[in-house]
Amino acid sequence: MTNSVEIKNLDLSFGAVKVLQNLNLNIGEGEFLVLLGSSGCGKSTLLNCIAGLLEVTDGQIFIKGKNVTWAEPSDRGIGMVFQSYALYPQMSVKGNLSFGLKNAKVPKDEIEKRVARAAEILQIEALLDRKPGALSGGQRQRVAIGRALVRDVDVFLFDEPLSNLDAKLRVDLRVELKRLHNQLENTMIYVTHDQVEAMTLADRIAVMKGGKIMQLGTPDEIYNQPRNLYVADFIGSPSMNFLEGALEGGAFRVDDMVIPMDDYEFAGPQTADRPATIGIRPEHVVTGELVKNAPLQFEVAVDLVEPMGSDTLVYAKLGQHSFRIRMDGQARVKDGEKLSIGIDPSRASLFDKATEDRL
Amino acid sequence: MANPGTLAPTAAVNAVNPDLDEPRGPKPRKALSRTNIMLYGTLIVVAMYYALPLYVMVVTSLKGMPEIQMGNIFAPPLEITFQPWVKAWAEACTGINCDGLSRGFWNSVRILIPSVIISVAVASVNGYALSMWKFKGSEVFFSILMIGAFIPYQIMLYPIVIMLREAGLYGSLTGLVLVHVAFGMPINTLLFRNYFASIPEELFKAARVDGAGFWSIFFRIMLPMSLPIFVVSLIIQVTGIWNDFLFGVTYISSPDRYPMTVQLNNIVNSVQGVKEYNVNMAATLLTGLVPLVIYFASGKLFVRGIAAGAVKG
Amino acid sequence: MALSEAAHAGAQTEQGGPSHKPVRLFKNISAKIASLPMVFTALVVFLGGTIWTVVYSFTDSGLLPRLRWDGLDQYERLWNSRKWLVSIENLAIYGVCSLIGTLVIGFTLAALLDRKVRGEGVLRTIFLYPFALSFIVTGLVWQWILNPQLGLQSVVRGMGWESFTFDPLNNSKIVMFGLLIAGLWQGTGLIMCIMLAGLRGIDEDIWKAARVDGIGTVKTYIRVIIPMMRPVFVTSLVLIASGIVKLYDLVVAQTSGGPGISSEVPAKYVMTAMFGGQNLGQGFAASTMMLVTVVIILVPWAILEFGGKKRG
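Residues numbered from 1 in each chain as written. Chains lettered and ligands numbered in written order. Predicted model: local features only at pLDDT ≥ 70, side-chain atom pairs only at ≥ 80, totals over all residues. Heavy atoms only, no water.

Participant: Is there a simple way to think about the overall build of chain B in this case?
Facilitator: In terms of helices and strands, chain B carries 15 helices and zero strands. In chain B, buried positions account for 53% of the 313 residues. Partitioning the contacts of chain B with sequence separation of at least 6, the portion at a separation of at least 24 is 68%. (Helix = DSSP H or I, 4+ residues; strand = E, 2+ residues; numbered from the N terminus. Buried < 20%, exposed > 50% of the residue type's maximum accessible area, 1.4 Å probe, protein only. Contact = heavy atoms within 4.5 Å.)

The following block contains the structure:
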């Protein structure tokens, strides 16, 4: 796979504040890469650097093998879609779509052709003469995507494009985006703080924190083998249960509980005894009939029940530790009740307590 | 208050719930409560204090001199005459010139038009550059500019005399225009900077990705969006420059070229001859007419302009 | 490739774009060129002009400016001049009264208008229109109204109160209050508008909370609303104060500094020294003193306003 975008040793500081630190990232041709993180993690900053809207302090950016570190945004072969749509309010939809092409001195009939084509792909032909003010949120974002589309670029950059839409529309447009990516096969870099968007859209996800990439991997890797405590905690809703204890002789011990880790796939050879944290996803805890097939069984005291329709979220106490369990929507559990649960240690994650890295 | 917007929901609630003893929603205000009488009484008295001078100006300017000497200044004219207006406009004397305020009026117009156009153009570009194309030191220059607005102008008056003299512009209308552009820059630049800063940054980014440069973004994207702030800036500049006295008296050397305010002061406060109060008031009104017309015509925008300039300053 | 095959055909070469950091000076070059008038005004006119005047205030410049050092002589002469002392005293009286008067009247009017008054638009228009008029017009119309023979005094006497005396413009003891009446008339509308904007910016829930807590209207204003409007008051204060220091046109139009020298103000002193008396050094020293006054006002404000947070 050739690299479409290559980022080498990127640094960015605002005064004394280091926003991006020695960042390296290779994005393959046609790949859908999601930059995921909470606000202030540097994901949007990184995207703006790739777009050329922010000047980097050090390092290089290559797009299609060409060093664009200091090139103008319009010379980089990128198109960008923004959270607030950023449509030019005084221009019609057609004017919005053709503004970039006019600036690039593209011949008139070519502009017509490309606008028509983009409008067809995005099904906004009927809206071409309207002003952005007369469009709904979803239509606006489609026009914004169209603006990137007509410019016929190598790389699409998306800066939280769905965050301003209401929940239902967000899901619809998410599906459409995925379809668009399948159709166009362009490289897409997508910034979001929404892990569902990240999981559903991405070929690979880069989870960011404090200007660094915490983990780069497929959605499956990010979810099942989080490389550190931060990623484990950030991905998944409700988030993972963590129990602090120690790894001793191949088993995890917390209080008087012993969790044998024989079936656990260690990330490296370092299995020496040490203080450690075990992480168990609420949805990986089994209840009811399935408990007796589970490798490990415990009893918990139910604290609070949140029925959510499709699921039931149970807040319980495992020993003195609070413990979340995700159960079926049909589950009937009452506060104060004792509940048997089953755990599969091979699906758990184990972290070094000091370094917070996966063991 | 009979506000239909607040009454309607109340009625609706009562319709659904006929058993309700008390109407919900805001309590209807009694028209003649004691607080209300106090409130409106105070406001009307104060409003009279504010309105009085304008009334006195108008009334006096329409009276003949004998009537002024006999009667009281608040009384409406028994006999309306426009003679004072004609005299103020076309015949009143300053020094040797006896062609009235019309000379000052046209001087002011000749100063006003270029000053306003240039200062609004410069300030809008400044504000745009300061909000969207910050460069090293741009904030420092802006801070100096803003401090300059609060410093007494007197301290810069003489050095500017020297600068204008070196440029061969001292005493000319062109020189005065440049002075107005310079001193109008802080408030208007601030106004435009704040306005452009409120435009979503993403719009600017999108335009840059679309390959638009400094001037292209300014003319194609920003200008069409900023009509209201242009009007506000225009109002501030027109009234400010029209009302100026200090710069006019300092940088215009010949009475022939004095702006209207300076000429008005010379006419009214001249010591020679009998004071013709009716002519003086007509002249005063004539001078105040341009900003007054702008004020009453622009209404809310005027308020918004000065409030925007002031509160964010 | 989505739409056309020819896109970015030229972009295939390795290291195609500018691979080195561009020279700092030429970055953003259009913005820098466009800002030249602003840079010139800020550095040469405002900063340069101010420094020039301060420097020349230590010379014995008379008819023309010259760089012959005179130490603090100009300042000594200034502070020995009775006219300057009167000017300073007048400005202090006018300043304090105008500051308090404008704030109190401005806020009171705003608070009254904020009581959901009918005809608010008309009243606001009446309160604010004087602000559109120049100080010259303001001075002249009040000179006329306060004229003892024909104005307010004679009207009141005509109504039967024969001993009524209100002749501030010819009484050196109260002439500053004559100016104050006109100044307040011209300037309170602006402050009212700013205060009204401030009041409108306060969350309505605050009022509801105060009502639920049983706090009276006046008490709510004093205890809750005014403290919340601190920034608005600070801005108003700075606006009024910087206007007071510049007080000049009004005096010229309304009293010409009279009777005698009893309504002289510093700005007028400067103008007379520089352009009337051919005594440039005095003018420079006096305007430098004005600058010092403003700095004393502005510095605490700047610390209050920008001390904690840095914006931009």
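Participant: Would you mind going over the overall build of chain C with me for this structure?
Facilitator: For chain C, the count of helices and strands is 14 helices and zero strands. Counting over 312 residues, chain C shows a buried share of 51%. Within chain C, contacts between residues separated by at least 24 positions form 67% of all contacts whose residues are at least 6 apart in sequence. Accessible surface, chain C: about 14700 Å² in total, of which carbon and sulfur atoms supply 64%. (Areas by Shrake-Rupley, 256 points an atom, 1.4 Å probe, with all protein chains shown as cover.)

Participant: Can you help me understand the interface of chain C and chain B in this one?
Facilitator: Accessible area lost during the coming together of the parts is what is often quoted as the interface size. Opposite the 91 residues of chain C that make contact, chain B presents 83 residues. Each partner contributes to the roughly 7800 Å² buried at the junction of chain C and chain B, and carbon and sulfur atoms together form 78% of this total. For the chain C face of the interface with chain B, the top three residues by lost area are Met 38, Phe 46 and Trp 144 of chain C, together amounting to 10%. Counting across the chain C and chain B interface gives zero salt bridges. Run the count over chain C and chain B and you get 18 residue pairs in polar contact (both at pLDDT 80 or more). At 15 residues, helix 2 (residues 36–56) of chain C tops the list of elements feeding residues into the side of chain C that touches chain B. Broken down by class, the residue content of the side of chain C that touches chain B amounts to 64 nonpolar, 19 polar and eight charged. (Buried area = accessible area lost by both parts, 1.4 Å probe. Salt bridge = Lys/Arg side-chain N within 4 Å of Asp/Glu carboxyl O. Polar contact = N/O pair within 3.5 Å; in protein donor to acceptor, adjacent residues only side chain to side chain. Nonpolar A, V, L, I, M, F, W, Y, C, P; charged D, E, K, R; others polar.)

Participant: I tried to follow the interface of chain A and chain B on my own but got confused; where do I start?
Facilitator: With 27 residues of chain A at the contact, the number on the chain B side is 15 residues. It is Tyr 88, Gln 90 and Phe 99 of chain A in chain A that bury the most area against chain B; as a group they hold 28% of the surface buried on that side. The tally of links between chain A and chain B comes to two salt bridges. Between Arg 151 of chain A and Asp 210 of chain B there is a salt bridge, with the nearest N and O atoms lying 3.8 Å from each other.

Participant: Honestly, the environment of Gly 249 of chain A in this entry has me stumped. Any pointers?
Facilitator: With respect to the element layout, Gly 249 of chain A can be found in the loop between strand 11 (241–248) and strand 12 (251–254). Taking the C-alpha atoms as reference points, Gly 249 of chain A and Met 261 of chain A, 12 residues apart in sequence, are found 9.3 Å from one another.

Participant: Whenever I open this one, the sheet that holds strand 11 of chain A confuses me. Can you help?
Facilitator: Note: strands within a sheet are paired through backbone hydrogen bonds, in either parallel or antiparallel orientation. All names here are of chain A. Read from one edge of the open sheet, five strands run 13-12-11-14-20, paired in antiparallel fashion. Edge strands, defined here as strands with exactly one partner in the open sheet, are strand 13 (257–260) and strand 20 (349–352). Geometrically, the sheet is characterised by an average inter-axis angle of 35° between neighbouring strands, direction not taken into account. As paired strands, strand 11 and strand 12 are joined by three bridges and run antiparallel to one another. Bridging from a neighbouring strand, Leu 247 pairs with Phe 252 of strand 12. (Pairing = 2+ DSSP bridges. Axes fitted to C-alpha atoms, helices over the stretch in contact; angles between N-to-C directions.)

Participant: Explain the pattern of salt bridges here, please?
Facilitator: Two side chains carrying opposite charge are able to pair once their charged atoms lie near each other. All names here are of chain A. Under the definition given, this model contains 28 salt bridges over all chains. We note a salt bridge from Lys 94 to Glu 112, for which the minimum N-O separation is 3.5 Å. Of this pair, Lys 94 sits in helix 2 (residues 93–103) while Glu 112 sits in helix 3 (residues 108–122), and the two are 18 residues apart along the sequence. Using a relative accessible area of 30% as the deciding quantity, one classes Lys 94 as partly exposed.

Participant: When you look at the confidence of the model for chain C in this model, what are you seeing that I'm missing?
Facilitator: Interpretation of this model should avoid reading the predicted coordinates in detail wherever pLDDT is low. Residue and element names in this part refer to chain C. Of the residues in chain C, 89% have a pLDDT of 70 or more, and the chain-wide mean is 84. Counted against residues more than four places away or in other chains, residues 1–17, with its pLDDT under 50, gives 31 contacts. Among the scores for the predicted complex, ipTM is 0.84 and pTM is 0.84. (pLDDT = per-residue confidence, 0-100.)

Participant: Even after reading the chapter, I still don't get the side chain of Glu 67 of chain B, so can you show me in this structure?
Facilitator: Residues and elements named next belong to chain B. Summarising the element assignment, Glu 67 is placed in helix 3 (residues 65–70). For the buried Glu 67, which has no salt bridge, the nearest side chain bearing the opposite charge is Lys 63, at an N-O separation of 4.9 Å. Apart from residues lying up to four places away in sequence, Glu 67 is in contact with Pro 76, Pro 77, Leu 78 and Glu 79. (Lys, Arg positive; Asp, Glu negative; His and termini not counted.)

Participant: Sorry if this is basic, but what is going on with the packing of aromatic side chains here?
Facilitator: Two aromatic rings are characterised by how far apart their centres lie and by the angle between their planes. The tally for this structure, following the rule as stated, stands at 49 aromatic pairs over all chains. Relative to Phe 183 of chain B, the ring of Tyr 153 of chain B has its centre 4.7 Å away and its plane inclined at 65°; by these criteria the two rings are edge-to-face. On the criterion of sequence distance, the pair formed by Tyr 153 of chain B in the loop between helix 6 (138–150) and helix 7 (154–166) and Phe 183 of chain B in helix 8 (residues 173–198) is long-range, its members being 30 residues apart. Of the two residues, Tyr 153 of chain B and Phe 183 of chain B, neither departs from the other in class, the shared state being buried. Chaining the aromatic ring pairs together yields one cluster made of Tyr 128, Trp 133, Phe 192, Tyr 195, Phe 196, Phe 204, Phe 214, Trp 215, Phe 218, Phe 219 and Phe 230 of chain B. Sitting above the plane of the Tyr 223 of chain A ring, Arg 281 of chain A keeps its charged end 4.3 Å from the centroid. In this arrangement the basic side chain of Lys 246 of chain C is found over the ring face of Tyr 153 of chain B, its NZ or CZ atom lying 4.2 Å from the centre. (Phe/Tyr/Trp six-rings, centres within 6.5 Å; stacked < 30°, edge-to-face > 60°. Lys NZ or Arg CZ within 6 Å of the ring centre and 35° of its normal.)

Participant: Would you take a moment to explain the sheet that holds strand 5 (residues 66–67) of chain A for this structure?
Facilitator: Residues and elements named next belong to chain A. Spatial ordering of the open sheet is given by 2-1-4-5, a layout of four strands whose pairing is antiparallel. One side of each edge strand has no neighbouring strand; the edge strands of this open sheet are strand 2 (17–28) and strand 5. Along the sheet face, helix 1 (residues 43–51) touches strand 1 (3–14), strand 2 and strand 4 (58–63) and points at about 115° away from the line of strand 1.

Participant: Help me understand a nonpolar patch on the surface in this model?
Facilitator: A cluster of nonpolar residues, Phe 40, Leu 43, Val 44, Leu 47, Ile 51, Val 55, Leu 67 and Trp 69 of chain C, forms a patch on the protein surface that exposes about 720 Å² of accessible area. Residue placement: Ile 51 of chain C occurs in helix 2. (Patch = residues over 30% accessible without salt bridge, like charges linked within 9 Å, V, L, I, M, F, W, Y side chains within 5 Å.)

Participant: Would you mind showing me how to read the pairing of strand 10 (residues 212–217) of chain A here?
Facilitator: A regular strand places its side chains so that they alternate between the two faces of the sheet. Residue and element names in this part refer to chain A. In the sheet, strand 9 (residues 204–209) pairs with strand 10 via five bridges, with the strands oriented antiparallel. The partner of Lys 209 across the bridge, within strand 10, is Lys 212. Connecting strand 9 to the next strand, strand 10, in antiparallel fashion are two residues, including Gly 210 with a positive phi near 55°.

Participant: Would you mind showing me how to read the pairing of strand 6 (residues 78–81) of chain A here?
Facilitator: All names here are of chain A. Across the two faces of strand 6 the burial is the same, with Ile 78 and Met 80 and Gly 79 and Val 81 all buried. Pairing of strand 6 with strand 7 (residues 155–159), which is carried by four bridges, proceeds in the parallel orientation. Considered in strand 7, the bridge of Gly 79 is made with Phe 156.

Participant: Where do I start with the side chain of Glu 197 of chain A in this structure?
Facilitator: Relative to the helices and strands, Glu 197 of chain A resides in helix 6 (residues 195–201). Of the side chains with opposite charge, Arg 170 of chain A comes closest to the buried, unpaired Glu 197 of chain A, at an N-O distance of 4.8 Å.

Participant: Before we go on, may I ask you to explain the domain arrangement of chain B in this structure?
Facilitator: Residue and element names in this part refer to chain B. Taken domain by domain, chain B consists of domain 1 (4–83) and domain 2 (102–312). The partner domain 2 presents nine residues to the nine residues of domain 1 that form the contact. Buried area between domain 1 and domain 2, summed over both chains or domains, comes out near 750 Å², and the portion from carbon and sulfur atoms is 82%. The largest contributions to the domain 1 side of the interface with domain 2 come from Met 57, Ser 61 and Met 65, which together make up 57% of the buried area. Linking domain 1 with domain 2 are zero salt bridges. Residue assignment for the side of domain 1 that touches domain 2 shows that the elements contributing at least two residues are helix 2 (34–61) and helix 3. With five residues, helix 2 is the largest single contributor of residues to the side of domain 1 that touches domain 2. (Domains from an automatic or database assignment.)

Participant: Is there a simple way to explain unusual backbone geometry in this structure?
Facilitator: With the exception of glycine, most residues fall at negative phi, and the peptide bonds are largely trans. Residues and elements named next belong to chain A. The amide bond that connects Ser 237 to the next residue, Pro 238, takes the cis arrangement and shows omega of -5°. Summarising the element assignment, Pro 238 is placed in the loop between helix 8 (229–234) and strand 11. In this structure, Asp 152 takes a positive phi of about 55° despite not being glycine. Within the secondary structure, Asp 152 is located in the loop between helix 4 (137–150) and strand 7.

Participant: Explain the confidence of the model for chain B to me, please; I cannot follow it from the model alone.
Facilitator: Residue and element names in this part refer to chain B. Here chain B shows a mean pLDDT of 83. Residues at 70 or above account for 85%. Confidence, expressed as mean pLDDT per element, reaches its minimum in chain B at helix 1 (residues 4–16) with 33 and its maximum at helix 5 (residues 102–132) with 94. Contacts from residues 1–28, a stretch scored under 50 in pLDDT, to residues over four places away or in other chains number 11 contacts.

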